[in-house]
Amino acid sequence: MNSVRTRFAPSPTGYLHIGGVRTALFNWLFSRRHGGQFLLRIDDTDQQRNVDAALAPILHGFRWLGIDWDEGPEVDGPFAPYYQSQRLPRYQEAVQKLLAAGLAYRDYATPDELKAERDEAEREKRPFLYSRRWMAESESQAKKFAAEGRQGVVRLKMPREGKVLIKDHIRGDVEFDWAREQDHVVQRADGTCLYHLASVVDDFDFQISHVIRAEEHLSNTPRQVFIAQSLGYPLPEYAHLPYVAEPGSKSKLSKRKLDKYLKNRDFALVNEHGQAIAKALALPISADTFNPVIVDFYEQVGYLPDAIINYLMLLGWSLDDKTEFFTRQQMIENFSLERVTKAPASFDPKKLWAFQDHYMQQLSVDEKVERMLPFLLRAGLIDSPANTDAKALLAKVVTAAGDRLKVAGDILAYADFFFLADDAYPFDAEATSKHLGEKQSVERLGRFRTCLASLDVWDVEALERTMHDFLAAEQIKIGAVIHAIRIAITGKAVGPGLYDCLALLGKTKALARLDRAIRSYG
RNA sequence: GGCCCCGUCGUCUAGCCAGGUCUAGGACACAGGCCUUUCACGCCUGCAACACGGGUUCAAAUCCCGUCGGGGUCACCA
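Residues numbered from 1 in each chain as written. Chains lettered and ligands numbered in written order. Predicted model: local features only at pLDDT ≥ 70, side-chain atom pairs only at ≥ 80, totals over all residues. Heavy atoms only, no water.

### A closer look at the pattern of salt bridges
Any two side chains of opposite charge can pair, on the condition that their charged atoms come close. We apply this condition: Salt bridges are defined as contacts in which a side-chain nitrogen from Lys or Arg sits within 4 Å of a carboxyl oxygen from Asp or Glu. Secondary structure counts use DSSP, requiring at least four H or I residues in a row for a helix and at least two E residues in a row for a strand, with both numbered from the N terminus. Relative accessible area decides the class of each residue, using a 1.4 Å probe on protein chains only: under 20% of the type maximum gives buried, over 50% gives exposed, and in between gives partly exposed.
The tally for this structure, following the rule as stated, stands at 38 salt bridges. For the salt bridge of K260 with E246, the shortest nitrogen-to-oxygen distance reads 2.7 Å. Taken together, the residues K260 in helix α8 (residues 258-261) and E246 in the loop between β11 (244-245) and α8 connect sequence positions 14 residues apart. Under the relative-accessibility criterion, K260 is labelled partly exposed at 41%. Judged by its relative accessible area of 1%, E246 is buried. One connected set of salt bridges, linked through shared partners, spans R7, R41, D43, R87, R90, E93, D202, D203 and D205.

Here's what the structure looks like:
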């Protein structure tokens, strides 16, 4: 009956952080590996106004990634509610128990008095430890302090000697001196309770067997152990994961330092690529919620959940010296805490990109079409999902584009010209001046147009033959003309094979586009 | 600053616990080449690391000690 139960406890912040996903993923994998449950608990003791709105993107992100939870918001479960804001009575009950056992005390120190003690300790260069001077040891003393107009909070009465040993699945045994632990506040004057107490009570109530969380919580663990033991709770197993670090550094990844990451070449590249797609979609985005640190970025741009999950799984974990690709099933079968790395791992957007590339290549044309159609719809390049002609064209475009489409949104940045009107696609300025800048090039384009106009059969083979004959007649190499043609019909310097483009456009459109270029640059 | 954690190519990592098969393997990135007169894919080649110093040992990336470096944490935030 020792079921494995893990949890991830997001705060409703309005966005899902890539580092948070990694932590959640390891929790999820561990529970799945052992046939247990994974739960989501909402850490909203900070009572914000609109928890639902701030939580929605987070839940949505997990769903999108395929990280499902057995208990928590929207699915409930035997221990509902899973919101800390709704569990205050339980926390207060725990506080009473601590008080009654003499393991916590009411404290009436003012912030200024506390600060004075802290400053003094600093001046004397000794570690700060609260003097307990305003600790109320009896009811009458409490009344006396209150009569002075003081506000009472509840503090933990931490041991002032001895050591505590924390057994951690990743760190091994870690020892702390009790005497360095502060008498942390667990309940405010207004009766609300603080995170550490709430977290410990929740983990017990929800029967969490393994607390798997980021390493930044390791130094918080002694106080949590103290709370749990004081309350008579059995201790959960602990596993402190290395945190996810910034690109090219060992500092913790944080969405607040976006400006810094943008100086990283790879990060900037991935970001710009995404921004371009967002722009093509006219997404109402802000840098706050739309950047490569936030999961939503990847969904909007059209990454594949499998790519992200696979990449994240390998950030701080490995099976062996060569296996890189895992199906969900393989992940679950192979995951173990023992093989989690101890050192922090830098988030590398380029490597994520490489996984994305791989997984995209695994998709069939139909699967790609299914993912790209919504993008064309949203950009207004296709009027309706029921437009079968447009869908058929899309399938052909996707086939011709092949590996060039790295994310679903690339259909916009890369192949929009197929869907735009013959006079609406933009000409790339740099490419145009390079290949259509000279009169000679444009004249040659005109002659090539004449050759094409005489074609009865319009397919790749015929087009290739026409080109061959044209080159012979002109006595030139293909390089002298192919770029100009490409730009004329697509507006871009890069794209699928030229004959594919021509064939897919059809004779009428192709000729119209050549005419437009000749008119514009002749 | 105190406490705690961590330290293998630029990055993710294998190897470390059970020392030799490690002139340290793989992947991403980067550089060059092939393919293709676009781009991308693919293929080939190259560049590139055991933080440093002492031990122990016939033998150390692996064990021990120290140093240095990086990070986390020290709230009436979570």
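### Here we look at helix α9 (residues 265-281)
Condition: The span you would expect from a helix comes to 1.5 Å times its residue count less one. The contact definition used throughout considers only heavy atoms, calling two residues in contact when any of these lie within 4.5 Å. As used in this structure description, the phrase polar contact means that two N or O atoms lie within 3.5 Å; if the pair is within protein, one of them must be able to donate a hydrogen and the other to accept it, and residues adjacent in sequence are counted only when both atoms belong to side chains.
Between its terminal C-alpha atoms α9 stretches 24 Å, which fits the 24 Å expected from 17 residues at 1.5 Å a residue. Residues of α9 that are buried: F267, A268, V270, N271, H273, G274, I277, A278 and L281. Tucked inside the fold, the buried residues of α9 contact α8, α10 (295-301), α13 (349-362), α14 (365-378) and α16 (410-415). Between the side-chain oxygen at the start of α9 and the backbone nitrogen of D266 there is a gap of 3.1 Å, and the oxygen is on N264.

### A short note on the packing of aromatic side chains
Convention followed: Pairing of aromatic side chains here covers Phe, Tyr and the six-membered ring of Trp, requires ring centres within 6.5 Å, and sorts the geometry by plane angle: under 30 degrees stacked, over 60 edge-to-face, intermediate tilted. Note on geometry: a ring has a charge over it if NZ (lysine) or CZ (arginine) is within 6 Å of the ring centre and within 35 degrees of the ring normal.
Per the counting criterion, the structure on display carries 22 aromatic pairs. Here Y311 and F347 contribute two aromatic rings whose centre-to-centre distance is 6.0 Å and whose plane-to-plane angle is 70°, an arrangement assigned as edge-to-face. Linking Y311 in helix α11 (residues 305-313) with F347 in the loop between β12 (345-346) and α13, this pair joins segments that are 36 residues apart in sequence. F347 gets classed as buried once you look at its relative accessible area, which sits at 1%. Among the aromatic side chains, those forming a connected cluster through ring pairs are F290, F297, Y298, Y303 and W353. Looking at R378, its charged tip hangs above the ring of F375, at a distance of 4.9 Å from the centre.

### Thoughts on the pairing of strand β1 (residues 5-8)
What counts, and what does not: Here, a strand pair is defined by DSSP locating no fewer than two bridges between the strands.
Across the two faces of β1 the burial is the same, with R5 and R7 and T6 and F8 all buried. Note that β1 and strand β2 (residues 37-40) share four bridges and pair parallel. Considered in β2, the bridge of F8 is made with L40.

### Remarks on the protein's contact with RNA strand B
To be explicit about the condition: Throughout this document, a residue counts as near a molecule or strand when at least one of its heavy atoms sits within 4 Å of that molecule or strand. Residues are sorted three ways: Asp, Glu, Lys and Arg are charged, Ala, Val, Leu, Ile, Met, Phe, Trp, Tyr, Cys and Pro are nonpolar, and all the rest, Gly among them, are polar.
Around RNA strand B, 63 residues are found, and the nearest of them are R188, Y243, G316, R404 and I478. Looking at RNA strand B alone, sugar and phosphate atoms form 76% of those within 4 Å of the protein. S11 places a polar side-chain atom, nitrogen or oxygen, 2.6 Å from a sugar or linking oxygen of RNA strand B. Every element with two or more residues in the surface near RNA strand B is listed here: β5 (153-156), β7 (172-177), α6 (195-205), β12, α13 and α20 (482-490). For the surface near RNA strand B, the leading source of residues is α13, giving five residues. Looking at the surface near RNA strand B residue by residue, the class counts come to 20 nonpolar, 16 polar and 27 charged.

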